[in-house]
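# Commentary on secondary and tertiary structure
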Amino acid sequence: MTAPAVAVQRISAPIPWRRYAIGVLYLALAIFVFIVCGLHTLPRTDTTITFNGNNYGALPGLMVPTGVFNTLLAVVLAFIGGAQLANLGRAAWLLGLALFIFVVAFMVWAARGNTLDVVNVAESSLLSSVPIAIGALSGVVCERAGVINIAIEGQMLTAAFISTLMGGLTGNVLVALASGILAGALLGWLLALLSLKYAVDQIIAGFVIDVFATGFTSYLQVSVLEVHPEVNASGQIPNVGLGGLSNVPVAGPLVFGNNAYVYAMVVLVFSIHIALYYTRWGLRARSVGEHPIAAATVGINPIRIRYFNVILGGALAGLAGTFFTLGATGRFDSTMTSGQGFIALVAVILGGWNPIGAFLAALLFGFAVSLQTILGIFNVNIDPNILSMIPYLVTILAVAGIVGRTRPPAADGQPYVQE
Amino acid sequence: MSESPEQLQAEVAAGNPPQTVTEYRREQSFPVRLLRDLAVPVLALFTGLLVGAIIIGLSAPDFWDHLRHGEVLQAFGTGASLAGNAYYWLFKSAFGSRQAWSETGVQTVPLLFVGLSAAFSFRGGFFNIGAQGQFLFGAMTAVLMANHFAGMPGIIHIPIVLVLGFIGGAVWGSIAGILKARTGANEVITTLMLNYVAIYLVNWLLITPIFQRPGFPNPITSEAVPSALLPALPGYRIHLGVLIVLACAIIIWWILFRTTIGFQLQTVGANAAAATYAGISVAWTYILIMVIAGGLAGMAGTTQLLTTQTSVIPDFAGSYGFDAITVAILGRLHPIGVIFAAFLLGSLRSGAIGMQSATSLPYYIIIVIQAVIIAFMTSPHLIRQIFRVRQAAATGSESFSKGWAA
Amino acid sequence: MELRGITKRFPGVVANEDVDLLIRPGEVHALLGENGAGKTTLMNVLYGLYHPDEGQILVSGKPVVFQSPSDAIAAGIGMVHQHFMLVPVFTVTDNVMLGVEPTGFLGFLERRKARARLVELSQRFGLTVNPDAEVEDLPVGVQQRVEILKALYRHASLLILDEPTAVLTPQETEELFGVIRSLTDAGTSIIFISHKLKEVMAIADRITVLRRGRVVGTVAPADTSEQQLATMMVGREVMLVVDKDPAETGDVVLSVEDLVVRDERGHNAVDGLSMEVRTGEILAVAGVQGNGQTELVEAVTGIRPVVSGTIQVEGQELANASPRDYLDAGVAHVPEDRQKYGLVLGFPIELNMVLNTFEKEPFSHGIVIDYDAIRENANALIRQFDVRTSSPQAPASTLSGGNQQKVIIAREFSHGSKLLVAAQPTRGLDVGSMEYIHAQIVKKRDEGAAVLLVSTELDEIMALGDRIAVMYQGKIIGVLDRSEATREGIGLLMAGRTREAAEVQGV
């Protein structure tokens, strides 16, 4: 017998085009920052950076020479590009960093000859990200158990409507809040029923709920709320002002004087993260999302867990929906959620099915939303529509795996059929 | 191993539900098949109307007044009469006169285009929800080209604009196709994202000198020149688009069920791994699907532009993106079924517009009806359980999406 | 533990009929039967996954009803499924404690407690495993240990092992037998499900044979023989060898050199492999599952990209060519996973029979498909290959596994005939179908085709191969002529022990 002695050639790894392309993109970005945001403003323009929020003039501003500052940032960006090309550091981190620096450079440039208040920007980003982040938590809770909740949008919209109706009828904000959450949970149950019991494809079931919610709320808005405008008043949850602490510089307005929903969001993000990874419920839910048959063989009922999580997810989406009324405008408008439920879903994916990741992704979207308002103040000559596209383009790049692919729960979206 | 039920369950649980290809089941006689294929949609429509009636009834102010005074019968009486009145006007405005038929036809055309687009891509296992963006880009290309070639005789002008509108939608649609083919990016997300990108991009383009109507401050394009407009029946709004879209439906049917392209596409849709094994290029199939699906949605935008909405504005695409899915599902992803589905939704729309002006009940009720219809169409068990229909309805549910990982 | 008169029906099939089974404490009770004989169904009934239509389960003489696996687990039953029931992205500890997690305040997991118990158990029974490793990073043999630990963690006194040796090398199987003995010494009973006669004879205290859902008999190994067991299992005399003439080898058809192919996770699953297959011979590739056979087959049929190396079919370079190019070059492929690759289950049989030839005459003219020609073809093939079906329009999903495989064989044998690549062609089939398919493969060889057969079943390799190549860690580490090959030698090669193998083979 012979064991053929084959000389194995060592083959060099294929050229990582993707990595190079991104690296070159960063370098291009660096050049762009240097020329447009740096060189362009070199002749002695300054940007004043403040950290005051609503406490105008509490702290003196920081005068920064726009051109010099941005030239420095361009150099940093170039370094990041180099790191990407040389494969130093994780691609996702580098992308985050590059994006952040680009945004800073852009903001400093936009506010040239003017004042940029960092706290204000942060505050309005946080606020804009609330429905997206809480909605994304809904998505995480559902998808970790293997059910895609594309109905977040419809759940939010219905919750916004119901909270307005109940708030208007009872005049009680807490009743409004509770009924909004309940409405979301009810639609969560409906999604569970359609997809788990009646075997409707999960995405279709969610889509049905979205369509239903749009029609239902729009119909009742016109036929009830417009006829009885006095009912179209949800009331608002008061801002939480933690006494004099909100006057502390920088941290004051950001940490201690905020919309109650911002606190709820932060608390929920961390508690759901901990619950998913450190409790029995989380372990079982994730096992059902990864391998429901295996879960069933150790006596876990996948269907029951999925019901629970989808209803919980619905309640979270309901909470997110009440933000539009109780946390913001205090009244209901037709299709007022304007697709943010879908964005929440995207935040789930962008955040790697992880509560904290989803929260960070939501912040990105929140920042993009608030950016338009901010740029409006500075009279910047860029059409806001162009900026609005950026988060969506980033998402496309992300799902195309250009910045490293994340892995969904293995049984996400898969029906589980009981004997 | 493979024949045991537990294996089948594992298969199903692993996301490979046995799929049905309706066209190939020729063992039954035509009337039997027709009856079976119609049972579910008809019951779905009936349920949708019922749910709609309940919501109309509950929203009647008198209903609650009566109920408060303990007059239960009167309460239900008012509710029922309001709903009855609404449906009377709905029906009358959709079919009550020649004008009504014409309006129903006008509403049907774009729905049929987008429905064909969605059905075609779903057949190939490509869950394309991007009709909205493709619709917009079809219209944007068409308006640019219609006015670029101004002065041509209609007989040449119209076909050129239609073809270019097709191409506009096809180019936009193929982005998602290429992304999935090259990188495996999930099409549900990319097409959804591309819708948003399209909306913002168009909003921006509408205020650039290329598109903005001269002298106007708001985002709106010039009107498409008259020679490019589709001729309408004198005295009515019904136009040539009806014939064009019906021809498209037949072509799509032929491609799907009579050509190797259709075979290839349905194999990819049913089992992409087996398609690879059989030497079919799955990547190219995805791109081809999106070229054709995008083109059809682009044609929808183009015919809208060349008939009822002669200039593009930010909200030009309306809800056609989502309607596409509804029509496709209602038509059971079959081109001929889609014709009927689009006609049904078109008549609901033209009826609802008439209903709103006659009774001041909001148009939106038909959206609720649509939602109920889809729920019933896609659940193999729901109808059976509620209406106690035997086997007939249990034709199985098509699997549309395979989760994000697919 | 006792099962009495268990009957379980599925729509159209009776999976178990009036089955009695008595398990004594501390015994290894083998459940022997063909694929589809109802072994797994019976065990799923015992494990609470299915509810029997008739009959009862008795534990220590008292009747019990298992509503779900939890009830079975509570009664001390543990099961190691043929396809492991582990969550790949969880750690070993998380997998083991899942369902019986020690928790503290608010349901917080006490991972440390679970880990300590796991470590203690693994030491007591000699089941070495890293409790913090993620399961997907572990080799199958270790994953099996995790499954056994999972059952022990739940205080199982009866352990069901469903085809536990299917994924193991002969040497790993020996280790498993050691573990089984140490478990029975501690008083645990074992139900050992298998269709492999030799193993059953080696490990079992008593053997119960199932055929078509019924118990044929229960015997002790000492009172029986392999031949007798085989007869009990199949219901007739079985030829354990395939009748074939010596190969008449001709020119080289398939030539592979220095082939490197990656798996999904980027590892070199095929790592510098070279081989040749000639006309008129069957080259049988043996090896434990997961040594790159799947990737090899996918590479030489165009499904999987090649990193480097050459693949030539009759001198034509085809590395990285498309599956279509391979088809055109005359390569037929019977895929390993027939439901994933070989068939579109929802399509009618007639379309499955032209799955890769639909673009060619006479099935289509230009781009127009000729459904009449497809129907004719299907009718002819159904007759020729004896596919049992009600109609050529019936979906492939309605066929039994054996008939599904016949559809694939019919299709693949009706086109390109220079090279046949057959991967696990009889996996999961009953003996009748198996014999038929073996005969067809030999016939194909005798017609002058080159055959590359990949199988993890040593019996199949020995029965069909003219030359036997053993694949280990992506390479062919030995090629033996059938006449000089012994089971033992091949077994050692499958475990990568070339030196010992050389001694055994005496070469």
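Residues numbered from 1 in each chain as written. Chains lettered and ligands numbered in written order. Predicted model: local features only at pLDDT ≥ 70, side-chain atom pairs only at ≥ 80, totals over all residues.

### Structural notes on the overall build of chain B
Convention followed: Only DSSP runs of H or I reaching four residues or more are called helices, and only runs of E reaching two or more are called strands; each is numbered from the N terminus. As a rule, residues whose C-beta atom has 12 or fewer other C-beta atoms within 10 Å are exposed, those with 20 or more are buried, and those in between are partly exposed; C-beta atoms are placed from the backbone. Working definition of a contact: two residues with C-beta atoms, positioned from the backbone, lying within 7 Å.
The secondary structure content of chain B amounts to 16 helices and zero strands. Across the 406 residues that make up chain B, the buried fraction comes to 58%. Counted over contacts in chain B with a minimum sequence separation of 6, partners at least 24 positions apart contribute 76%.

### Points about the overall build of chain C
The line we're drawing: Only C-alpha atoms enter the radius of gyration; for comparison, a globular chain is expected to reach 2.2 Å times N to the power 0.38, where N is the number of residues.
When helices and strands are counted, chain C shows 18 helices and 22 strands. For 507 residues, the compact-globule estimate of 2.2 N^0.38 gives 23 Å, and chain C sits close to it at 24 Å. If one aligns the C-alpha atoms of chain C with their principal axes, the spans along those axes are about 70 × 55 × 50 Å. Buried residues in chain C amount to 52% of all 507 residues. At a minimum sequence separation of 6, the contacts of chain C that also span at least 24 residues come to 67%.

### A look at the sheet that holds strand S4 (residues 54–59) of chain C
All names here are of chain C. Cut-off, in case you're wondering: Two strands qualify as a pair provided that DSSP identifies no fewer than 2 bridges between them. To obtain each axis, a line is fitted to C-alpha atoms, and for helices this fit is confined to the stretch in contact; angles are then taken between N-to-C directions over 0 to 180 degrees.
The strand order across the open sheet formed by four strands is S2-S1-S4-S5, and the pairing between neighbours is antiparallel. At either end of the open sheet lies a strand with only one pairing partner, and these are strand S2 (13–22) and strand S5 (62–64). Across this sheet, the average inter-strand angle for adjacent strands is 35 degrees, counted without regard to direction. As defined by bridge partners, S4 adjoins S5 across three bridges and the pair is classed as antiparallel. Across the sheet, the residue bridging to Ile57 is Val64, located in S5.

### Brief notes about the domain arrangement of chain B
Residues and elements named next belong to chain B. Using the following cut-off: Where each domain starts and ends follows an automatic or database-derived domain assignment. Charged means Asp, Glu, Lys or Arg here, nonpolar means Ala, Val, Leu, Ile, Met, Phe, Trp, Tyr, Cys or Pro, and polar covers whatever is left, Gly included.
Assigned domains of chain B: these are domain 1 (27–96 + 346–398) and domain 2 (110–330). A straight line from the C-alpha centre of domain 1 to that of domain 2 covers 30 Å. In this complex, domain 1 contributes seven residues to the contact, which on the side of domain 2 involves four residues. For the side of domain 1 that touches domain 2, the class distribution of residues is four nonpolar, three polar and no charged.

### Some words on the interface of chain A and chain B
If you look at the interface, chain A gives 46 residues, while chain B gives 51 residues. Secondary-structure elements contributing two or more residues to the side of chain A that touches chain B are helix H7 (202–225), helix H11 (292–297), helix H13 (340–350) and helix H15 (384–399) of chain A. The element contributing the most residues to the side of chain A that touches chain B is H7(A), with 15 residues. Its residues placed into classes, the side of chain A that touches chain B shows 32 nonpolar, 10 polar and four charged.

### Brief notes about the environment of B:Val368
Position of B:Val368 relative to the elements: it lies in helix H15 (residues 365–378). Separated by 319 residues in the primary sequence, B:Val368 and B:Leu49 have C-alpha atoms spaced 9.0 Å apart.

### As for the sheet that holds strand S16 (residues 331–334) of chain C
Across a sheet, strands are paired by hydrogen bonds formed along the backbone, either parallel or antiparallel in direction. Residues and elements named next belong to chain C. As summarised here, the arrangement of the six strands in space is S16-S19-S20-S13-S21-S22, forming an open sheet in which the pairing is mixed. With one partner strand each, in any of the chains shown, S16 and strand S22 (475–481) form the two edges of the open sheet. The mean inter-strand angle of the sheet, taken between neighbouring strand axes irrespective of direction, is 20 degrees. Looking at chain direction, S16 and strand S19 (residues 419–423) are connected through four bridges and run parallel. Residue pairing for S19: Ala332 is matched across the bridge by Leu420. On top of the sheet, helix H15 (residues 431–446) reaches strand S13 (282–286), S19 and strand S20 (450–454); it is set at about 150 degrees to S20, its chief contact. Its contacts with the sheet place helix H17 (residues 487–494) against S13, strand S21 (467–472) and S22, and it is angled at close to 30 degrees to S21.

### Section: the confidence of the model for chain C
Going by this rule: In predicted models, pLDDT denotes the confidence assigned by the predictor to each residue on a 0 to 100 scale.
Per-residue pLDDT for chain C has a mean of 88; in total, 98% of the residues score no lower than 70. Across the interfaces of the predicted complex, the ipTM metric reaches 0.82, alongside a pTM of 0.85.

### A word on the domain arrangement of chain C
As a measure of interface size, the accessible area lost when the parts come together is often cited. As assigned here, chain C comprises domain 1 (2–234), domain 2 (240–330 + 416–507) and domain 3 (344–415). Taking only C-alpha atoms into account, the centre of domain 1 of chain C sits 39 Å from that of domain 3 of chain C.

### Considerations on the environment of A:Trp281
Looking at the secondary structure, you find A:Trp281 in helix H10 (residues 280–290). According to the C-beta neighbour criterion, A:Trp281 is partly exposed, with 19 such atoms within 10 Å. Placed 220 residues apart in sequence, A:Trp281 and A:Gly61 show a C-alpha to C-alpha distance of 49 Å. Excluding residues within four positions of it along the chain, A:Trp281 makes contact with A:Ala275 and C:Gly107.

### Considering unusual backbone geometry
Residue and element names in this part refer to chain C. The residue after Glu361, namely Pro362, is reached through a cis peptide bond having omega 0 degrees. One can find Pro362 in the loop between helix H12 (349–352) and strand S17 (364–365). Phi is positive for Ser60, which is not a glycine, with a value near 45 degrees. For Ser60, the location among the structural elements is in the loop between S4 and S5.

### Observations concerning the confidence of the model for chain B
Residue and element names in this part refer to chain B. Per-residue confidence for chain B averages 84 on the pLDDT scale, and 86% of its residues sit at or above 70. The low-confidence segment residues 1–27 (pLDDT under 50) makes 64 contacts with residues lying over four places distant or belonging to another chain. Note that residues 390–399 has pLDDT below 50 and, in this model, 23 contacts with residues that lie over four places away or in other chains.

### Brief notes about helix H6 (residues 173–197) of chain A
Think of an α-helix as 3.6 residues a turn; residues three or four steps apart then line up on the same face. Definition in use: Here the expected length of a helix is defined as 1.5 Å per residue gap, with one fewer gap than residues.
For H6(A), which comprises 25 residues, the first-to-last C-alpha distance of 35 Å matches the rise-based estimate of 36 Å (1.5 Å per residue) to within 8%. One or two positions beyond H6(A), positive phi appears at A:Ala199, with a value near 55 degrees.

### Focus: the packing of helix H9 (residues 260–278) of chain A against helix H14 (residues 355–378) of chain A
All names here are of chain A. Heads up, the rule is: For classification purposes, an angle smaller than 35 degrees is called roughly parallel, one larger than 145 roughly antiparallel, one from 65 to 115 roughly perpendicular, and anything else oblique.
The contact between H9 and H14 brings their axes to 8 Å, and the two run at 150 degrees. Classified by the angle between their axes, H9 and H14 sit roughly antiparallel to one another. Across the interface between the two elements, Val269, Ile272, His273 and Leu276 from H9 touch Pro355, Ile356 and Phe359 from H14. For the contact of H9 with H14, a count of residues per class yields six nonpolar, one polar and no charged.

### As for the pairing of strand S10 (residues 214–219) of chain C
All names here are of chain C. Two elements, strand S9 (residues 206–211) and S10, share five bridges in a ladder whose sense is antiparallel. Residue Arg211 lies in a different strand from S10, and its bridge partner there is Arg214. Hairpin geometry of S9 and S10 is characterised by an intervening segment of two residues between the two adjacent antiparallel strands and by a positive phi of about 45 degrees at Arg212.

### Quick notes on the environment of A:Pro355
Residue and element names in this part refer to chain A. Topologically, Pro355 is positioned in helix H14. Residues Pro355 and Val394 lie 39 residues apart in sequence; the distance between their C-alpha atoms is 19 Å. Discounting residues that sit within four places of it in the chain, Pro355 has contacts with Leu137, Val140, Val269, Ile272, His273 and Leu276.

### Quick look at helix H1 (residues 17–38) of chain A
The end-to-end C-alpha separation of H1(A) is 30 Å, in line with the 32 Å expected for 22 residues at 1.5 Å each. Here the buried face of H1(A) lies against helix H2 (66–85) and helix H3 (91–110) of chain A.

### A look at the packing of H6(A) against H7(A)
Residues and elements named next belong to chain A. Worth spelling out the cut-off: Crossings are sorted by hand: turned counterclockwise from the far helix by less than a right angle, the near helix makes the crossing left-handed, and turned clockwise it makes it right-handed.
For the pair H6 and H7, the least separation of the axes is 9 Å and the interaxial angle reads 145 degrees. Judged by the sense of rotation from one axis to the other, the crossing of H6 with H7 is right-handed. Here Leu187, Leu190, Leu191, Leu194 and Ser195 of H6 come into contact with H7, specifically with Gln202, Ala205, Gly206, Val208 and Ile209. Split by residue class, the contact of H6 with H7 holds seven nonpolar, three polar and no charged.

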